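# Secondary and tertiary structure notes
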Amino acid sequence: MTFEEIQQLLQSEFNNLTLEVSNQESQAQINVPAQSMIEIIGFLKSNKSTFFDLLSCITGIDNGKEAGNIDIIYHLYSIPFEHALIIKTSIQRGTPPEHPPSIDSISAIYQSANWHEREIFDFFGVIFNHHPDLRRILLPNDWQGYPLRKDYKEQEYYRGIKVDNNFTSETNN
Amino acid sequence: MQNNAVQYIYNPENLDQSDPLYTNINNLKSHEMVINIGPQHPSTHGVLRLEVVMDGEIVTNVIPHMGYLHRCFEKHAENLPYPQIIPFVDRLDYLAAMNSEHIYAMGVEKMLGISEEISTRTEYIRVLVAELNRLSSHFLGIGAYAMDMGSFTPFLWLMRDREHINRMLEWVSGARMLYNYIWIGGLYYDLPVGFEERCKEFTVYLKPKLTELKQLVVDNKIFINRTANIGVLPLDLAINSGVTGPMLRASGLRFDLRKVDAYSVYPKLDFDIPIGEGKMGQLGDCWDRTFVRIEECWQSIRIIEQCIEQLTNDHKRTRSFNPQASIPKKIRPPKVDFYFRGESPKGELGFFFRHNSNFDIPYRCKVRAPSFCNLSVLPAISKNIMLADLIAILGSIDIVMGEVDR
């Protein structure tokens, strides 16, 4: 199926939602509201004419304080039909760990989402509801802050070791 | 020097575990125990730590802990111009740096819209070096795996053959493993004079060695007994878990991005996609995965031969050929999101870029690492097996921790 056909199929299935299309100049994305994202992805996977069986990648992007949201982008691919689809959803940026942003987990639909979502939790502080095992994955468990957020500041000390990435100037002193 | 002489402040709290056990030890049954494998253990293939819950000799649960080799690639990439990210890309999958570079460079070229300007000779050289590197990556994968399974000879033989590839790629680029050879829009240099002949000699040398390797590893009775019917990965689980590359093909699906996406000059080349057939045991077991890797080595040799054929005939070395001719002086991508994927030796390697500034620095550069996704299936296929088989399964996934941890 072409992108337009998938878009029409989605629009007719979810006719109470407005599905915008963005990024048309290179790889078109369908913008989906966060609360119905799980339904839409579940539909795309189970529908016989789309059958997106492979979740390639989930990307989190922090748009910074001014925009105030985090984009989560899902790259779906269908091995039998050889078509791909990009689903984008935006959520409020929040201030983790006190007021973290949250979105539903799709790890019940795709097992591969499990680790991708843990990675996004690790780097952006996004809480995935109903995730089976939401722990940090690449950073140490007791690391403070979420490094890929645009307002990230390194913690000063980590276990008594000074966190300092500006060591060249200090060794010159 | 005096003002920062204190590097470490002693505090008992600092001795707590930074990556605590997932299993609650108090809830264990009386016959269960937790065994910690790694991060410094030769059979975890790098700094991977496995928390294994055991019932006697039977593994009941495996929880991988990683991040020991995390080098903040994505954070660094947000502060670097596109050409300067290439050395970092090398260090993701450090065993197959050419493949990663090739995919990265093609991704940026596609985003810039200059992929048509790349000369065919450049593309053939790229595919040639990438396939050489795929061979060397599979050699290390198979060799280390055979060593895990208790045979030492294949490892030494494969290291000997891999040394040829390392020296050839050193001749091309000046480095043995981390090349920075494929640039956005071209190459660092043309191939050195005499490389094509050396490459031809090498393929002649390698073919009998591969036959030997097949006899020594996958036809070996001990190896078969050790790996057949172990770690069976069913196809639906493989796809659902995002497994790609030789692991997915060993489960019986003919899915190779070189054919599916038909990028670079791969559509002009003639090669097959080997898949697992379950010859020695069940489809998708550890034996099949090794078998697929060895068969892929043959296909890589076929591709190399065809590239050499093209590079010595239709796209011959000329005085006027400048591999840096179409390297963009200014990299100004449009403000878009762009995802590009390609087949690295481990599977689908994808790069996601978001560009929204007028400079040549990406706003976000995300890597979809094949080893990361392949490793995530480990807990699912290592339930109720023997501990020794866990090592067999882990080795057959062929992970590179540089890519898992990024």
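Parameters and conventions
- Residues numbered from 1 in each chain as written.
- Chains lettered and ligands numbered in written order.
- Predicted model: local features only at pLDDT ≥ 70, side-chain atom pairs only at ≥ 80, totals over all residues.
- Heavy atoms only, no water.
- Helix = DSSP H or I, 4+ residues; strand = E, 2+ residues; numbered from the N terminus.
- Rg over C-alpha atoms; globule rule 2.2 N^0.38 Å.
- Contact = heavy atoms within 4.5 Å.
- Areas by Shrake-Rupley, 256 points an atom, 1.4 Å probe, with all protein chains shown as cover.
- Lys, Arg positive; Asp, Glu negative; His and termini not counted.
- Charge placed at Lys NZ, Arg CZ, Asp CG, Glu CD.
- Polar contact = N/O pair within 3.5 Å; in protein donor to acceptor, adjacent residues only side chain to side chain.
- 1 Å grid on protein atoms, 1.4 Å probe; cavity = no way out; pocket = protein on both sides within 12 Å on 5 of 7 lines; lining within 4 Å.
- Points joined across faces, edges and corners; volume = space filled by probe spheres on them.
- Nonpolar A, V, L, I, M, F, W, Y, C, P; charged D, E, K, R; others polar.
- Buried < 20%, exposed > 50% of the residue type's maximum accessible area, 1.4 Å probe, protein only.
- Pairing = 2+ DSSP bridges.
- Axes fitted to C-alpha atoms, helices over the stretch in contact; angles between N-to-C directions.
- Phe/Tyr/Trp six-rings, centres within 6.5 Å; stacked < 30°, edge-to-face > 60°.
- Lys NZ or Arg CZ within 6 Å of the ring centre and 35° of its normal.
- Parallel < 35°, antiparallel > 145°, perpendicular 65-115°, else oblique.
- Left-handed = near helix turned anticlockwise from the far one by under 90°.
- Expected span 1.5 Å × (residues − 1).
- Disulfide = S-S within 2.5 Å.
- Buried area = accessible area lost by both parts, 1.4 Å probe.
- Salt bridge = Lys/Arg side-chain N within 4 Å of Asp/Glu carboxyl O.

A word on the overall build of chain B. For chain B, the helix and strand inventory stands at 15 helices and 9 strands. The C-alpha radius of gyration computed for chain B amounts to 22 Å, which stays within 12% of the reference 22 Å derived for 406 residues, consistent with globular compactness. With the principal axes as the frame, chain B shows a C-alpha extent of 75 × 60 × 45 Å. Restricting to contacts in chain B with at least 6 residues of sequence separation, those with at least 24 account for 71%. By element, 54% of the accessible surface of chain B is carried by carbon and sulfur atoms, the whole surface being about 15800 Å². Put simply, chain B has 44 plus and 48 minus side-chain charges, and the middle of one group is 4 Å from the middle of the other.

With respect to the helices and strands, the residue Thr23 of chain B is situated in the segment before β1 (32–37). There is a polar contact of 2.5 Å between the side chain of Thr23 of chain B and the side chain of Glu51 of chain B.

Our next topic: empty space enclosed by the protein. Residue and element names in this part refer to chain B. By the definition in use, this model includes 5 cavities of 30 Å³ or more. Each pocket or cavity is described by its volume, and for the largest cavity that value is around 60 Å³. Every element with two or more residues in the lining of the largest cavity is listed here: α5 (153–173) and α6 (195–216). Tallied by class, residues from the lining of the largest cavity come to 6 nonpolar, no polar and 4 charged. Approximately 50 Å³ is the volume attributed to the second largest cavity. When the residues that make up the lining of the second largest cavity are grouped by side-chain class, the tally is 4 nonpolar, 1 polar and 4 charged.

What follows deals with the pairing of strand β2 (residues 49–55) of chain B. Residue and element names in this part refer to chain B. Within β2, 6 of the 7 residues are buried, leaving the element largely enclosed by the surrounding structure. Judged from the 7 bridges that link them, β2 and strand β3 (residues 58–65) form a sheet pairing that is antiparallel. Bridging across to β3, Glu51 finds its partner in Ile63. Count of turn residues in the β2/β3 antiparallel hairpin: 2 residues, of which Gly56 carries a positive phi of about 65°.

This part covers the sheet that holds β3 of chain B. Sheet strands associate in pairs through backbone hydrogen bonding, adopting either a parallel or an antiparallel arrangement. Residue and element names in this part refer to chain B. The 4 strands lie next to each other as β1-β2-β3-β9, forming an open sheet whose pairing is antiparallel. In this open sheet, the two strands that pair with only one neighbour each are β1 and β9 (385–386). Relative to β2, β1 runs antiparallel, the two sharing 6 bridges. Each residue of the ladder has a partner; that of Ile35, found in β2, is Val52.

Residue and element names in this part refer to chain B. As a packed pair, helix α3 (residues 97–112) and helix α4 (residues 120–148) sit with axes 7 Å apart at the nearest point and diverge in direction by 145°. Here α3 contributes Ala97, Met98, Asn99, His102, Ala105, Met106 and Glu109 to the contact with α4, which in turn contributes Glu123, Arg126, Val127, Val129, Ala130, Asn133 and Arg134. Residues of the contact of α3 with α4, tallied by class, amount to 7 nonpolar, 3 polar and 4 charged.

Right, let's talk about the packing of aromatic side chains for a bit. Considering all chains together, one arrives at 17 aromatic pairs over all chains under this definition. Between Tyr104 of chain B and Phe353 of chain B, the ring centres sit 5.7 Å apart and the planes meet at 70°, which makes this aromatic pair edge-to-face. Placement of Tyr104 of chain B in helix α3 and of Phe353 of chain B in strand β7 (residues 347–354) is noted, with a sequence separation of 249 residues between them. Geometrically, the ring pair formed by Tyr263 of chain B and Tyr266 of chain B is edge-to-face, given 5.4 Å between the ring centres and 85° between the ring planes. Given the relative accessible area of 2%, Tyr266 of chain B is considered buried. An aromatic cluster is defined as three or more aromatic residues linked by ring pairs; in this entry it consists of Tyr82, Tyr104, Phe351 and Phe353 of chain B. One Lys or Arg, Lys45 of chain A, reaches over the ring of Tyr110 of chain A and ends 5.4 Å from the middle of that ring. Sitting over the face of the ring of Tyr77 of chain A, Arg341 of chain B holds its NZ or CZ atom 4.1 Å from the ring centroid.

For the rest of this paragraph, the subject is the sheet that holds strand β5 (residues 83–92) of chain A. All names here are of chain A. Spatially, the 5 strands line up as an open sheet ordered β1-β2-β5-β4-β3, and their pairing is mixed. The sheet is open, and its two edges are formed by β1 (20–22) and β3 (54–62), each paired on a single side. Averaged over all pairs of adjacent strands, the angle between strand axes in this sheet comes to 25°, irrespective of strand direction. Here helix α1 (residues 3–13) sits on the sheet in contact with β1, β2 (29–31) and β5, set at roughly 15° to β2.

On to the packing of α6 of chain B against helix α11 (residues 286–312) of chain B. Residue and element names in this part refer to chain B. Remark: α6 packs on α11, axes separated minimally by 10 Å, with the N-to-C direction vectors making an angle of 165°. Overall, the two elements α6 and α11 adopt an arrangement that is roughly antiparallel. Crossing hand, α6 versus α11: left-handed. Residues Glu196, Cys199, Lys200, Thr203, Leu206, Lys207, Leu210, Thr211, Leu213 and Lys214 of α6 form the contact with α11, whose own contacting residues are Ile294, Glu295, Cys297, Trp298, Ile301, Ile304, Glu305, Ile308, Leu311 and Thr312. A per-class count over the contact of α6 with α11 returns 11 nonpolar, 3 polar and 6 charged.

A separate point is α5 of chain B. Residue and element names in this part refer to chain B. Between its terminal C-alpha atoms α5 stretches 30 Å, which fits the 30 Å expected from 21 residues at 1.5 Å a residue. Those residues of α5 lying buried are Pro154, Phe155, Leu158, Asp161, Arg162, Ile165, Asn166, Met168, Leu169, Val172 and Ser173. Of the surrounding elements, those touching the buried residues of α5 are α3, α4 and α6. Remark: Gly174 follows α5 within two positions and exhibits a positive phi of approximately 95°.

The next thing to look at is the state of the cysteines. Residue and element names in this part refer to chain B. Following the criterion strictly, the structure yields 0 disulfides over all chains and no others. Free of any disulfide, Cys286 has its nearest cysteine sulfur in Cys297, 18 Å distant. The class of Cys286 is buried, set by a relative accessible area of 0%. Cysteine Cys307 is unpaired, with the sulfur of Cys199 as its nearest cysteine sulfur at 8.8 Å. With relative accessibility at 0%, the residue Cys307 sits in the buried group.

What follows concerns the interface of chain A and chain B. Size of an interface, as often reported, equals the accessible area lost when the parts are brought together. Taken together, the contact pairs 55 residues of chain A with 51 residues of chain B. Between chain A and chain B lies a buried interface of about 4300 Å² when both sides are counted; carbon and sulfur atoms form 54% of it. In terms of surface lost to chain B, no three residues of chain A exceed Trp115, Leu138 and Arg159 of chain A, which account for 18% of the buried area on that side. There are 4 salt bridges connecting chain A and chain B. Salt-bridge contacts for Arg354 of chain B lead to Asp71 of chain A; the nearest nitrogen and oxygen are separated by 2.9 Å. Inspection of the chain A/chain B interface yields 17 residue pairs in polar contact (both at pLDDT 80 or more). Among the elements of the structure, β3, β4 (69–78), α4 (113–124), β8 (157–158) and β9 (161–162) of chain A are those that each provide at least two residues to the side of chain A that touches chain B. Sorting elements by how many residues they give to the side of chain A that touches chain B places β3 of chain A first, with 9 residues. Class assignment of the residues belonging to the side of chain A that touches chain B gives a composition of 23 nonpolar, 16 polar and 16 charged.

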